Amino acid sequence: MQFWILILLSLAELVLFILLLRFFVRLKKSETLLVQLSEGQQNLMDKLRSNAELERELMQSFAVRQSELQHLNTGLEARAAELQELLDQAEAVSRSPQFLRELIITGKKKGRSSAQLAKSTGLSVDEVELILAQSAR
């Protein structure tokens, strides 16, 4: 009987040893998994920092571009005002009596009719003929 108790105790010790060995193997796997998770988390944090830096650089670049565009827009508006002023001056010159007179005389020398000249200058045919008659004197 002592023999069987000794064998039974030895078998119990062997089972406990096997269970303890499995526990340590699982513990080692868990430790490896935790290390991998920690490395993955560190990689994710590095990528997030990198993305945040890129976003900050993009926002700074965007602000610079916005400033440049506002400056260009101001320049364009000033240029548009200058061009409008020049157009107004050109319109005033094209409506001046001396310019219209020269335009009509030059057009008549090129063989255009009084009706064509009246249409191109915005004057009536009678006004065109009056200007031509005065220039003939």
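Our subject is the structure listed above.
Residues numbered from 1 in each chain as written. Predicted model: local features only at pLDDT ≥ 70, side-chain atom pairs only at ≥ 80, totals over all residues. Heavy atoms only, no water.

Asks: When you look at the environment of Gln98 in this model, what are you seeing that I'm missing?
Replies: On the secondary structure map, Gln98 appears in helix H2 (residues 97–109). Gln98 gets classed as partly exposed once you look at its relative accessible area, which sits at 46%. Sequence separation between Gln98 and Ser124 is 26 residues, and the spatial gap between their C-alpha atoms is 16 Å. Only 2.9 Å separates the side chain of Gln98 from the side chain of Glu102, close enough to count as a polar contact. (Helix = DSSP H or I, 4+ residues; strand = E, 2+ residues; numbered from the N terminus. Buried < 20%, exposed > 50% of the residue type's maximum accessible area, 1.4 Å probe, protein only. Polar contact = N/O pair within 3.5 Å; in protein donor to acceptor, adjacent residues only side chain to side chain.)

Asks: Any chance you could explain the packing of aromatic side chains here in plain terms?
Replies: By convention here, two paired aromatic rings are described through the distance between centres and the angle between planes. For the structure on display, the rule yields 2 aromatic pairs. For the pair Phe3 and Trp4, a centre-to-centre distance of 5.8 Å together with 75° between the ring planes defines the contact as edge-to-face. Judged by its relative accessible area of 60%, Trp4 is exposed. Taken together, a centroid distance of 5.8 Å and an interplanar angle of 65° make the contact between Phe23 and Phe24 edge-to-face. (Phe/Tyr/Trp six-rings, centres within 6.5 Å; stacked < 30°, edge-to-face > 60°.)

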